[in-house]
Structure formats: structure tokens, C-alpha cells
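Below are the chains, spelled out letter by letter.
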Amino acid sequence: MLSIGEFSKICGVTTRTLRHYDDINLIKPKRINEENGYRFYDISQIRKMLLINRLKGYDFSLEEIASIMKKNNDKYTLQKITEKLTYINEKISQYENMGKSIKEDIVNLRNGVDIMAFIENISVELVTKEDQIILSSRQRMSTEDYGKYIGRLFEIVSKEKIKVIGAPMSIYHDTEFNHLDNDTEVAIPVLQECKNTRILKGGLCAKGICKGAYSNLNNVYGKLMEWVEKNNYKLIDAPYEQYIKGFTTTNNIDEFITEVYFPIKKIK
């Protein structure tokens, strides 16, 4: 048996951390001395503790680690670490894109160019959209859930052999933005009406294009809002995005193309 201090030293964790893991039932001492409360661990628990350290190093939360430990199943573990790798790769791409933007800002500022000058390079186009049939699903979701729900729509498309005639979309029905909880409708334009389809009304729209990471979308929204007000229009329906080239077609964030539409009408 190993004392909590010895176990702590071998596994590279503090005794305070071990006591916390005991409290949350993540890894408990093999024996506790009833007289003095000293904790003792078995040699066989070293691998379990090292696994916890490894998963924590992969940025799993303690709750996620507890789930993996409870399942104790290689197939489940494989699923979870594969999902984590996908998440990490997405974060790496986001940081690479962030670094690129920072470098551009540094160059501009050194050359006396306003840091927000890039907004002027975002063009706005006035377009008339036709009514279109969309296969859609609406619920409250986080921005990270879009891909999951769009994927489910494509499963329906495949199962029902529905003809897709456009890129996937997201329509925002909330009056304010919360990336963790939005009233959002994901949709796919399709050829024929069937279950779970509706008509997305056409009409006059202000259109902006976002190139690159989705984190740049706010810049396009800001430019569209400025343009709408400046040109004496008003927003009359929920804005929506169409992912012309994105996570379903490429892994290169720099190649992402997202069209943003503001349904509008002229103010008299």
C-alpha cells in the first residue's frame, strides 16, 4: 500500500487534488485509517490515476473523465477521444485564423491604417430571392450544435431520397444572440415538398459574403446593419446564413464561404 503522499509523488498530482477526486468519487483510496483519517492507495490504482492524468491532459472535464472511467469500454473511449481530437483540430484552425488576423492588424496599424478598415472591403448587394422549399428543423441550440442538426437533415434526405437544390442554411429567430442557447432553424433547400418542409418566403434582401472562419460573421452582420440603415431600409424578417462552402465540404477554414441575407423593405 502507498500513503497519499507516496501515491501523489508517483502519479504527479497534489494530495489536495487526490482528496478532491475522492470527494467526487473519481478515484478513491483503497483504505482509510479510521483513527487518523490517513488515506492509502494500492499499487494497482497507479494506472487508473495515470489514465485520469492523460485524459485531463487532453482537456477532458472531470465529468467527462468520470463517464469514461465508469463505462470502462474501449469502444466508448475511442469515440470520446476521437470527438476530442476533432474539437482540438477545430480550435487549432481557429487560433491559426486568429493569428493571421492579428498579423494583418499589426501591419495595418504600423502603416497608419485604422484597425477596422477591413469593414469597408465587405460588399453588400441588393438581391431578390425567390420562394424556396426548405427541409428544416427548429429548436434551441448552441452554435456548436448546428453541424449535428444539419447532419440529421441530410440523414432524412438520404433515407427519403429527397433532391437537394442548395447549400445548408441557418435561420435565426431570436431577438438577441447567445452562442449557448439560440432559437435557430437549420434547413436544406429541396426540390419537392414533404414532411418537415416549409416555404421560405422570398423577397428583397441585403446580401453580404463572409470569407473564412465563422467567427468573421459578426463583421458581415455589422456591415449589413449599417448598410440597411444608411440606405433607408428596415429588417422585416429573420436573417439567415447559407453555407456555400464550409464544414461539410472542406476542412480548410480559409476556404469557407458563407452568404448572409437580411430580408428588408424600403422605408417610405
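Look up a bit, the structure's there.
Bear in mind the structure is a predicted one, so any value in this text is a computation, not a measurement.

S.K.: How should I be thinking about the packing of aromatic side chains in this particular structure?
M.R.: Aromatic ring pairs: the centre-centre distance and the angle between the two ring planes describe each pair. Within the structure shown, the criterion is met by seven aromatic pairs. Summarising the aromatic geometry, the rings of W227 and Y233 are spaced 5.5 Å apart at their centres and angled 15° between planes, so their arrangement reads as stacked. Given the relative accessible area of 13%, Y233 is considered buried. Residues Y240 and Y261 carry aromatic rings whose centres are separated by 5.1 Å and whose planes lie at 20° to one another, so their mutual orientation is stacked. With Y240 in strand β11 (residues 240-245) and Y261 in strand β12 (residues 257-266), this pair connects stretches of sequence that are 21 residues apart. Residue class for Y261 comes out buried when judged on its relative accessible area of 4%. Taken together, the ring pairs in this structure connect Y214, Y243 and F256 into an aromatic cluster. Here R31 stacks its cationic end above the ring of F40, 4.7 Å away from the centre of that ring. For K266, the ring lying beneath its charged end belongs to Y233, and the centroid distance is 4.3 Å.

S.K.: Quick question: what am I supposed to make of the sheet that holds strand β2 (residues 31-32) here?
M.R.: Strand-to-strand pairing in sheets goes through backbone hydrogen bonds, with the strands running parallel or antiparallel. Reading across the sheet, the three strands line up as β1-β3-β2 and stay open at both edges, with antiparallel pairing between neighbours. Each of the sheet's edge strands pairs with one partner strand only, and the pair in question is β1 (2-3) and β2. Pairing of β1 with strand β3 (residues 39-41) involves two bridges; the strand directions are antiparallel. If you follow S3 over to β3, its bridge partner there is F40.

S.K.: How should I be thinking about unusual backbone geometry in this particular structure?
M.R.: Where the residue is not glycine, phi is negative for most of them; where a peptide bond is considered, it is trans in most cases. Of note in this structure, N72 is not a glycine but carries a positive phi near 50°. Take N72: it is sitting in the loop between α4 (62-71) and α5 (74-110). On the basis of relative accessible area, N72 is assigned to the exposed category, the value being 70%.

S.K.: Just checking my understanding: could you explain a nonpolar patch on the surface for this structure?
M.R.: Side chains of Y95, M98, I102 and I106 sit close together on the surface and give an oily, nonpolar patch of about 410 Å² of accessible area. With respect to the helices, strands and loops of the structure, Y95 is situated in helix α5. Here Y95 falls in the exposed class, since its relative accessible area comes to 56%.

S.K.: Explain the pattern of salt bridges to me, please; I cannot follow it from the model alone.
M.R.: Side-chain pairs of opposite charge can arise whenever the charged atoms involved come near each other. With the rule as written, the count across this model stands at twelve salt bridges. For K148, the salt bridge goes to D145, with nearest N and O atoms at 3.9 Å. Classification of K148 as partly exposed rests on a relative accessible area of 41%. Judged by relative accessible area, D145 falls into the partly exposed class, the value being 22%. Between R198 and E185 there is a salt bridge, with the nearest N and O atoms lying 2.7 Å from each other.

Cut-off values and rules
- Residues numbered from 1 in each chain as written.
- Predicted model: local features only at pLDDT ≥ 70, side-chain atom pairs only at ≥ 80, totals over all residues.
- Heavy atoms only, no water.
- Phe/Tyr/Trp six-rings, centres within 6.5 Å; stacked < 30°, edge-to-face > 60°.
- Buried < 20%, exposed > 50% of the residue type's maximum accessible area, 1.4 Å probe, protein only.
- Helix = DSSP H or I, 4+ residues; strand = E, 2+ residues; numbered from the N terminus.
- Lys NZ or Arg CZ within 6 Å of the ring centre and 35° of its normal.
- Pairing = 2+ DSSP bridges.
- Patch = residues over 30% accessible without salt bridge, like charges linked within 9 Å, V, L, I, M, F, W, Y side chains within 5 Å.
- Areas by Shrake-Rupley, 256 points an atom, 1.4 Å probe, with all protein chains shown as cover.
- Salt bridge = Lys/Arg side-chain N within 4 Å of Asp/Glu carboxyl O.

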